[in-house]
Amino acid sequence: MLQQQTQSPGWRVLNRDVIKYIAITAMLLNHIANIFLVPGTLWYEVLVDIGYFTAITMCYFLVEGFYYTHSRRKYGERLLIFAGISQVPYMIAFGNSQLNMIFTLFICFMILVVQEKMMASKWRIPLLILLLLLSVCSDWAILEQEEDDNSVRSRCCPFCAV
């Protein structure tokens, strides 16, 4: 006879999936603020600040996925495919030619690959520098704000500035 396992009275509320949904919601709020609200207003600042939770969370889960995935190659391919698919809507919504945040995550993924696979290679440092320079043209790079016609636009490197 099989015994029925009893579950402990406490249950976990914040598991990996719930945290991802919270991060996606925070990103949605950030995008709503950037597309529909006037910069400098209270709601704009609140929603943009809530959206900062997304980058930290997605980077954490990227590293977790890198170490726990069965196929890093397929993981990287999926990141690159979704980055490409989401690039056009990103450019339409934000009106710039930066790489979207999924490309940034892919670049971070590639940095992890280079760090792990090329530890003793003479190409390790040049490849890391190249990836870091490529990240300058992405959404989560260090950006300067430029005011133009009462709107704020992010400008990154001259190769992908609007």
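Residues numbered from 1 in each chain as written. Predicted model: local features only at pLDDT ≥ 70, side-chain atom pairs only at ≥ 80, totals over all residues. Heavy atoms only, no water.

Draft legend 1. Just a nonpolar patch on the surface, in detail. On the surface, Val13, Leu14, Ile22 and Phe53 cluster together to form a nonpolar patch covering roughly 350 Å² of accessible area. Residue position: phenylalanine 53 is located in helix α2 (residues 42–68). The exposure class assigned to phenylalanine 53 is partly exposed, which follows from its relative accessible area of 35%. (Patch = residues over 30% accessible without salt bridge, like charges linked within 9 Å, V, L, I, M, F, W, Y side chains within 5 Å. Areas by Shrake-Rupley, 256 points an atom, 1.4 Å probe, with all protein chains shown as cover. Salt bridge = Lys/Arg side-chain N within 4 Å of Asp/Glu carboxyl O. Helix = DSSP H or I, 4+ residues; strand = E, 2+ residues; numbered from the N terminus. Buried < 20%, exposed > 50% of the residue type's maximum accessible area, 1.4 Å probe, protein only.)

Draft legend 2. Spatial organisation of the nonpolar core. Residues Leu62, Tyr75, Leu79, Met101, Ile102, Leu105 and Phe109 are the most contacted members of the largest nonpolar core, which totals 15 residues. Broken down by secondary-structure element, the contributors of at least two residues to this core are α1 (16–36), α2, α3 (72–94) and α4 (101–117). Sorting elements by how many residues they give to this core places α4 first, with seven residues. (Core = buried A, V, L, I, M, F, W, Y, C linked by side-chain atoms within 4.5 Å.)

Draft legend 3. Seen up close, the layout of surface pockets. What the second largest pocket holds in volume is close to 620 Å³. Along its surface, the second largest pocket is lined by 20 residues, and Lys20, Met58, Phe61, Tyr75 and Leu79 are the ones closest to its centre. Sorting the residues of the lining of the second largest pocket by element identifies α1, α2, α3 and α4 as the ones contributing at least two each. Within the lining of the second largest pocket, the residues separate by chemical class into 13 nonpolar, two polar and five charged. (1 Å grid on protein atoms, 1.4 Å probe; cavity = no way out; pocket = protein on both sides within 12 Å on 5 of 7 lines; lining within 4 Å. Points joined across faces, edges and corners; volume = space filled by probe spheres on them. Nonpolar A, V, L, I, M, F, W, Y, C, P; charged D, E, K, R; others polar.)

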